[in-house]
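Structural overview for review
Listed below are the residues making up each chain.
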Amino acid sequence: MTLAVAAADARAEPAAVSFSPPPASREATPAPPAPPRPRRGERSGRALLWTGGALLGLGSVVRAGIEGFWAGPAALEPSEPFGQWSVPNIAFFTGFANVLVVPGLVLTGVGAHRRGRWRAERGLVDPAGHRLRHRVGWGLLGGGLAAWALTRAVARPVLRACETNGCAYGYIESTYWASLGLVVPGAVLAGLAGGERRGSSRLSVVPQWGPDTRGLSLGGRF
Amino acid sequence: MRARAPWLAWLGTWALGSVALACGSPELPADLGDDPLDAVRLIDAPALLHLAAALDDPDDLTAEDLIRQPPRYVRPPDPTPLYDQVEAAHAQIPADPGAVPLRVLSFNAGLLDRWYPFVVLQVPEVDVRRERVPPMLLDDGWDVLLLQEVWDQRDVEVFEREAARAGYLVHAGSPRAHEGHGLLMLVREALVDPAGPDERGEELFELQRDIEDFPGPAFVRGFLSWRFRHAPTGVVLDLFDIHTTAFADYFTTRDTQVRQLGRAVRRVADDEVVVVGGDFNGAPYAHFDVYGEEAGQPVVDWWRNTQAYALLLHYGGLTDAHVAAGEAVDVPLSGTVPEVEPSFFDEPYGDRTRCDGLRGGFTVSDCNSLAFRQFAASGPPGRIDFVLLRDASGRVWVDDSAVQYEDPLPAEDFEASDHYGVGATLRLPGDL
C-alpha cells in the first residue's frame, strides 16, 4: 500500500491522501485528485437559514400581534392596575409566539452551522474573523439564553410586585425582545463559527476508481 | 359580558376548548348520595314538588337523580304553588313591633373587564361604572350589600375606600381567590357587635366550568360567608354571597354548586339567621324550554335550568324573600314574552315598549341596555338574583322586596350593571 500526497497546501486547500493497491506492472504514479463531489444547495445552509429566518419573522409578528391585542381590543393602559389573575394567561399566550420562534432559532443555528462548514470547505474563512465570530456568537447566545431564562425564572415575583400594566407587561416584553435580540445573532454567529471549525478540520473519504488506480482518497487538514 | 371580535372569540374558543378537554373537573360531586337530602323524593319535598309536576313519571325520582341524571321535563316547571305556599307561611309570622329592619341588597355589579387569548370579556361602560357605582351603592342606605362581579382588586380597593368613607366593613375573601370569584360583602359597621363573633369565610365550589379559569378569564367560583352578631338585636347573622356558573348548558355544574352552598347553610345553628344573596344564573321559571339563539344555534334546556333554584331551597332550607314579600311576578310576566323573532336582535323583544310591562319582574332581561348589547335574544328574561333567608325560629319578617337599579345611571343612557339588583328589608326580632 502506498501513501500518495495529492495536494500539500494544508492551509489553502485540504490535503488529499490516497491509499491504493500497488500497480501490477508500472511504477507508482500520483493518483489524480478526485473531483469535488457536487454538493446540493441545502448543504450550504441557505434553505435552512431562509426557513429559520421566516419562522423567526413570523414569530416576531405573532408576538407583536399579541402586544397589539393587549393594546387594542383588551385596551390595557400602562397606568392602570395590573390584574394578577392574568399571569397564567400571559405565560400561555406569549408561548404561542415561541412555537414559531424556537424552531426558527434552531433552524437558523443549524443553517448557519452548515453555512460555516460550506464556507470553510471552500477556503472562504478568515481565521481572525472566525475567532471573533466564535467568541461573540457564543457570548451573545449564552448571554441571551441566560437573560431569557433568568428573567422568566424571576417573572412570578416580579409580576407579583407590579402594580401597573406598564410595569408587568413592560417587564415581560422588554426582556423578551432584549433576549431575542441577543439570541438570534448569537445563534447565527455561533452556528457559523462552529460550522467553519468543523469544515476546516473535516476529513473526506472519496472512493477512487481509475484505469490504474483503485482505492480511497482521504482529504483533510492535519 | 361581551366577547369583542367574534372571529377572535371563535378562534379562542376552538383553541382553548381543545386544551380544556384535557383538564376537565369531575362531573359530579364526590359526596353525591351521602346527604340524606339527596335521597328525598321530589314528591316529598316542598321545594321540588313543582319539578315533579312537570314530569310524567316522577314517583321515585330524588334530588340526587336531578343532579345525576337530569330528567327531560314535558312541561314548564311552574313554581307558583311553591310561591303561594311560601307567601302564605310568611303571612303567618306574628308582627313584632320591636323588630329591627335590615336592608339587604344582592347586586351583580358587572365589573367585568378581562381578556384571555384572542378574547376580551367586558361588560360595556365598565370604566364609567367602576367609578360611579361604588359610591352610589354605599350611599343608598343598605345595611348589607352582597355583591357579585367585583372581579378585580382595583375595584375592591375602590369599594374599600368608599366603605371607609360611608362606614361599612368589607369582606372580599383572600386577595388571590377573590380574583376568581369576584364576590364582595359589605356590612354597615355600626351593626356588627365588636364583641364578636366575627368570622369570615370563603369556599370554592368543588365543580367548576374549568375553562373559565384557565385558559379563560380566571374565574373560580364559590361563595363568601360572614358570621357576626347583629348589634341592635343580638341575633347572630350568617351571610352568604354566591355567584354560580353561567349559561344554560351548565345546569348540572350549577346544581352541584347550589347543593354545596345549601349544605353549608344547613350547618348553621338553628338559633342563627341565614341571609343568602347572589347571582344564581338560574331562574325559578322559564316559559319555554328552547329560547333564544347563540352563534345561530337555539339555546336549550331552560326548564332544566330551573332546577338550581329549587335545589337551593331544598338543600339550604331557604326562603326566597321576594316570594315571601309577595313581589314575585316572574311567572305571569314570563308568559307575556313571545318567542324569539329576528326583530329581537334589533330591539328588546322586538318592541321596546314591552319593557314597560316587564319592569320589576326580572333581574336580567334584554330591557337592560348593557345586557342587550351583549346578549340580545340569547335567553328569556329571568329572575336569577335573589335574597334568601333561613330562619328556623320562623320569626324573621320580610317587609318588602323589589328589583333595584332598573333605571339608567343619572346623566347616562345605561344602567349600573347588566343585571338589576334585588333588595329586601327584613325585620329581625330582638329575642330569638
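Residues numbered from 1 in each chain as written. Chains lettered and ligands numbered in written order. Predicted model: local features only at pLDDT ≥ 70, side-chain atom pairs only at ≥ 80, totals over all residues. Heavy atoms only, no water.

**Observations concerning the overall build of chain A**
Stated precisely, the cut-off is as follows: For helices the rule is a DSSP run of H or I covering at least 4 residues; for strands it is a run of E covering at least 2, with both sets numbered from the N terminus onward. Accessible area is worked out with a 1.4 Å probe on protein chains only. A residue is then buried under 20% of its type maximum, exposed over 50%, and partly exposed in between. We call two residues in contact whenever any of their non-hydrogen atoms come within 4.5 Å of each other.
Check the secondary structure of chain A and you find five helices and four strands. If you list the helices and strands of chain A from N to C, you get β-β-α-α-α-α-α-β-β. Across the 222 residues of chain A, 34% fall into the buried class. If you take every contact in chain A between residues at least 6 apart in sequence, the share linking residues at least 24 apart comes to 76%.

**A short note on the overall build of chain B**
What counts, and what does not: With C-alpha atoms as the basis for the radius of gyration, the globule rule is written as 2.2 Å multiplied by the number of residues raised to the power 0.38. What sets the accessible areas is the Shrake-Rupley method with a 1.4 Å probe; for residues, cover comes only from the shown protein chains. The charge count treats Lys and Arg as positive and Asp and Glu as negative. His and the chain ends do not count. The location of each charge is read from NZ of Lys, CZ of Arg, CG of Asp or CD of Glu.
Within chain B, the regular secondary structure consists of 14 helices and 17 strands. The C-alpha radius of gyration of chain B comes to 20 Å, within 12% of the 22 Å expected for a compact globule of 432 residues. Viewed in the frame of its principal axes, chain B has a C-alpha envelope of about 60 × 55 × 45 Å. Across the 432 residues in chain B, those meeting the buried criterion constitute 59%. Restricting to contacts in chain B with at least 6 residues of sequence separation, those with at least 24 account for 74%. As presented, chain B carries roughly 16,200 Å² of accessible surface, and 52% of it is formed by carbon and sulfur atoms. Where the 35 positive side-chain charges of chain B centre and where its 73 negative ones centre are 3 Å apart.

**Some remarks on the interface of chain B and chain A**
Heads up, the condition is: What counts as buried area is the accessible surface, traced by a 1.4 Å probe, that two parts surrender upon association, with contributions from both included. Salt bridges, as used here, are contacts in which a Lys or Arg side-chain nitrogen is within 4 Å of a carboxyl oxygen on Asp or Glu. Polar contact is defined as a pair of N or O atoms within 3.5 Å, subject to the rule that within protein one atom must be able to donate a hydrogen and the other to accept it, and that residues adjacent in sequence are counted only when both atoms are side-chain atoms.
Across the contact, 20 residues belong to chain B and 21 residues belong to chain A. Together, the buried faces of chain B and chain A total about 1,600 Å²; carbon and sulfur atoms form 68% of this surface. Among the residues of chain B in contact with chain A, Trp 115, Arg 154 and Phe 214 of chain B are the three that bury the most area, contributing 40% of the side total. Note that Arg 154 of chain B and Glu 80 of chain A form a salt bridge whose closest N and O atoms lie 3.8 Å from each other. The tally of links from chain B across to chain A stands at three residue pairs in polar contact (both at pLDDT 80 or more). Counting only elements with at least two residues in the side of chain B that touches chain A, the list comes to helix 1 (6–21), strand 3 (113–116), strand 4 (119–122) and helix 7 (175–181) of chain B. Element by element, the count of residues in the side of chain B that touches chain A is highest for strand 3 of chain B, at four residues.

**Side note on the environment of Asn 281 of chain B**
All names here are of chain B. Structurally, Asn 281 can be placed in the loop between strand 11 (273–279) and strand 12 (293–294). Under the relative-accessibility criterion, Asn 281 is labelled buried at 16%. Discounting chain neighbours no more than four positions away, the residues touching Asn 281 are Arg 221, His 243, Thr 244, Thr 245, Ala 246, Arg 254, Asn 305 and Ile 384. There is a polar contact of 2.8 Å between the side chain of Asn 281 and the backbone oxygen of Thr 244.

**Focus on helix 2 (residues 87–121) of chain A**
Residues and elements named next belong to chain A. Cut-off, in case you're wondering: Here the expected span of a helix is defined as 1.5 Å times the quantity of residues minus one. The seven residues ending at a residue and the seven starting there each receive a fitted axis; the angle between those axes is the bend at that residue.
Taking 1.5 Å per residue, 35 residues should reach 51 Å; helix 2 reaches 49 Å between its end C-alpha atoms and fits that length. Ala 97 marks the point of greatest bend in helix 2, at about 40°. Directly beyond the C-terminal end of helix 2, a positive phi value near 65° is found at Gly 123.

**Concerning unusual backbone geometry**
Residues and elements named next belong to chain B. That bond from Gly 196 to Pro 197 is cis: its omega, 0°, falls within 30 degrees of zero. By the secondary structure assignment, Pro 197 is in the loop between strand 7 (184–188) and strand 8 (198–204). Located in the positive-phi region is Asp 301, a residue other than glycine, with phi close to 75°. Note on placement: Asp 301 falls in the loop between strand 13 (297–298) and helix 9 (302–305). On the accessibility criterion, Asp 301 (10% relative accessible area) is buried.

**Description of the pattern of salt bridges**
Residue and element names in this part refer to chain B. Scanning all chains against the criterion turns up 37 salt bridges over all chains. Ionic pairing is found between Glu 162 and Arg 165, a salt bridge with its closest N-O pair at 2.6 Å. Here the residue Glu 162 and the residue Arg 165 both occupy positions in helix 6 (residues 153–166), the gap between them amounting to three residues, near one helical turn. Residue classification places Arg 165 among the partly exposed positions, given a relative accessible area of 48%. Here Arg 383 makes a salt bridge to Asp 330, at a shortest N to O gap of 3.4 Å.

**Here's the deal with the packing of helix 1 (residues 46–71) of chain A against helix 2 of chain A**
All names here are of chain A. Our working rule: Geometry is summarised by axes, namely lines fitted to C-alpha atoms with helices restricted to the contacting stretch, and by angles between N-to-C directions that run from 0 to 180 degrees. Orientation is classified from the angle alone, with under 35 degrees giving roughly parallel, over 145 giving roughly antiparallel, 65 to 115 giving roughly perpendicular, and any other angle giving oblique. By convention the crossing between two helices is left-handed if the near helix lies anticlockwise of the far one by an angle smaller than a right angle, and right-handed if it lies clockwise. Residues are grouped as follows: Ala, Val, Leu, Ile, Met, Phe, Trp, Tyr, Cys and Pro are nonpolar; Asp, Glu, Lys and Arg are charged; all remaining types, including Gly, are polar.
Contact geometry of helix 1 with helix 2 gives a least axis separation of 7 Å together with a crossing angle of 160°. Taken together, helix 1 and helix 2 sit at an angle that is classed as roughly antiparallel. The element helix 1 and its partner helix 2 pack so that their crossing is left-handed. Across the contact of helix 1 with helix 2, the residue classes break down as 20 nonpolar, nine polar and four charged.

**Brief notes about the packing of helix 5 (residues 126–138) of chain B against helix 6 of chain B**
Residues and elements named next belong to chain B. Running from N to C, helix 5 and helix 6 point in directions that differ by 35°, and their axes come no closer than 9 Å. Taken as a pair, helix 5 and helix 6 cross one another with a handedness that is right-handed. Contacts from Arg 130, Pro 134, Pro 135, Leu 137 and Leu 138 of helix 5 reach helix 6 at Arg 154, Asp 155, Val 158, Phe 159, Glu 162, Ala 163, Arg 165 and Ala 166. A per-class count over the contact of helix 5 with helix 6 returns eight nonpolar, no polar and five charged.

**Looking at the confidence of the model for chain B**
Residue and element names in this part refer to chain B. Spelled out, the test is: pLDDT runs from 0 to 100 and stands for how confident the predictor is about each residue.
Across chain B, pLDDT averages 93, with 94% of residues at or above 70. Across residues 2–7, confidence stays below pLDDT 50; counting only partners more than four residues off in sequence or on other chains, it has 14 contacts. This stretch, residues 19–24, has a pLDDT under 50; its non-local contacts, to residues over four places away or in other chains, come to five contacts. For this predicted complex, the interface score ipTM comes out at 0.82, while the overall pTM is 0.85.

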